[in-house]
Amino acid sequence: MDKSERSENLVKSELLRACKLLYRQKLVYATAGNVSHRCGDSIFITATGTSLGYVTPDSLVRLDMDGNVLEGGRPSSEYRMHLAIYNKFPKIKAVVHTHPTAATTLACLQTPIKTTLLAEAELFLGEVACAPYADPGTAELAEKMIYYVHGSNACLLESHGLVTWGATMKEALYRTELGRLPERAHGERERLRADSHAQNRQHREEYLSGDHAHRVRYLAFRSGGDHRRRVGLRAGAGTAQGVVLLPEGLKVRGLVVEDLHDLLAVHHLLNIAVQ
Ligand code: 13P
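Let me sum up the structure you'll find in this document. (Residues numbered from 1 in each chain as written. Predicted model: local features only at pLDDT ≥ 70, side-chain atom pairs only at ≥ 80, totals over all residues. Heavy atoms only, no water.)

### Structural notes on the nonpolar core
We apply this condition: Only buried residues count toward a nonpolar core. Its members are Ala, Val, Leu, Ile, Met, Phe, Trp, Tyr and Cys residues joined through side-chain atoms within 4.5 Å. Each residue's exposure class comes from its accessible area (1.4 Å probe, protein chains only) as a fraction of the maximum for that residue type: buried when under 20%, exposed when over 50%, partly exposed otherwise. Helix and strand assignments come from DSSP, with helices taken as H or I runs of at least 4 residues and strands as E runs of at least 2, each series counted from the N terminus. Note on contacts: a residue pair qualifies if any of its non-hydrogen atoms lie within 4.5 Å across the two residues.
Ile85, Met145, Cys155, Leu157, Val163 and Trp165 are the most contacted members of the largest nonpolar core, which has 26 residues in total. Of all elements in the fold, only β2 (42–46), β3 (60–64), α2 (79–88), β6 (129–131), α5 (139–148), β7 (154–157) and β8 (161–166) reach the threshold of two or more residues within this core. It is α2 that contributes the most residues to this core, five residues altogether. When near neighbours in sequence (up to four residues on either side) are disregarded, Met145 contacts Met81, Ile85, Ala131, Cys155, Leu157 and Val163. Formed by 19 residues, the second largest nonpolar core is a distinct cluster that contains Leu15, Val28, Cys39 and Met169.

### Some remarks on the environment of Phe89
For Phe89, the location among the structural elements is in the loop between α2 and β5 (94–98). Each C-alpha atom, one on Phe89 and one on Gly166, is 9.7 Å from the other, the two residues being 77 residues apart in sequence. Those residues in contact with Phe89 that lie beyond four places of it in its chain are Val149, His150 and Trp165.

### A closer look at the site of the ligand
Selection criterion: Proximity is defined per residue: any heavy atom of the residue falling within 4 Å of a molecule or strand makes that residue near it. Pairs of N or O atoms within 3.5 Å make up the polar contacts considered here, provided that, within protein, one atom can donate a hydrogen while the other can accept it, and that residues adjacent in sequence are counted only when both atoms are side-chain atoms. With residues, only the protein chains shown are counted as cover, and all accessible areas are computed by Shrake-Rupley using a 1.4 Å probe. Charged residues are taken to be Asp, Glu, Lys and Arg, nonpolar residues to be Ala, Val, Leu, Ile, Met, Phe, Trp, Tyr, Cys and Pro, and polar residues to be all remaining types, Gly included.
Looking at the ligand, there are 13 residues lining it, with Thr48, Gly49, Ser76, Ser77 and Glu78 nearest. The contact in question runs from an oxygen atom of the ligand to an N or O atom on the side chain of Asn34, over 2.9 Å. Here an oxygen atom of the ligand and a side-chain polar atom of Ser77 are 2.6 Å apart. Across the complex, the protein chains shield 89% of the 310 Å² of accessible surface that the ligand would expose by itself. Across the shell around the ligand, the residue classes break down as two nonpolar, ten polar and one charged.

### Remarks on the pattern of salt bridges
Defined as follows: The salt bridge definition used is simple: a Lys or Arg side-chain nitrogen within 4 Å of an Asp or Glu carboxyl oxygen.
Overall, the coordinates contain five salt bridges when judged by the stated rule. Of the charged contacts, one joins Glu140 and Lys144 as a salt bridge, the two residues approaching to 3.1 Å between their closest N and O atoms. Remark: Lys144 and Glu140 occur in helix α5; sequence separation between them is four residues, near one turn of the helix. A single salt-bridge network, built from bridges that share partners, covers Glu8, Lys12, Arg62 and Glu71.

### Points about the pairing of strand β1 (residues 34–39)
Selection criterion: Two strands make a pair as long as DSSP finds a minimum of two bridges between them.
Counting buried positions along β1 yields six of six residues, so the element is predominantly enclosed. Side-chain alternation along β1 places Asn34, Ser36 and Arg38 on one buried face and Val35, His37 and Cys39 on a second face that is also buried. As defined by bridge partners, β1 adjoins β2 across four bridges and the pair is classed as antiparallel. Residue pairing for β2: His37 is matched across the bridge by Phe44. Counted between consecutive antiparallel strands, the loop separating β1 from β2 contains two residues, among which Gly40 sits at a positive phi close to 65 degrees.

So this is what it looks like as structure tokens:
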């Protein structure tokens, strides 16, 4: 076996291993998703309609850099997207297109992945581009995607999925995995927020049924019923008094309350109201 044959076999086995890993991790479903690896002046890519969980060496197609088939059957319909990435970034050796639930949901909502939420994601994934919708498997999708990609290592495809790339297959895979992390953290944060909203509602009901009710109603009345503004808080230093400062534009600029506990209660309630 000569050197080029050895490296070709290595590329193929890495590609097959990556496909199965993606399937096991539920980053792709059914026959969705496709993966490719560069091999000299050509690429190996999964055949169209392949389930990544069941790939075999026969599931791979070899293409030249213009998209002509050199070996195998019909390539993934997304071959243009893969080639656009290799042709734009010569150091890139692997491209992974998946449909991870969280990232795909964001892609459907046209919401970027906030990699800045997590240090690791920001460091290794960086900014994730967002490409507007084009039908899967079309030249238009490849053109739109590559147009929106500049310094990024990944791109969300609107109402479709995620594509990542790397100088090695591992790097491309890690980036796909990392694409899930900020979204999970975001989801978890939202869940916690929802919990604390529920708790806040309970507190509000408690406050409103107690001694503080008239103060809050007074404040709501004097502020023209507009609760939806941030409220500044200034406590009287060292005293049992304080002032709730209302932002500009509201009718009342300040309200003196009798003790710090009241002050915090009012502030707390207003904060709930503006969330
Ligand atoms: P292929 O089966 O042609 O690779 O297409 C799957 C897919 O995910 C399209 O975006």
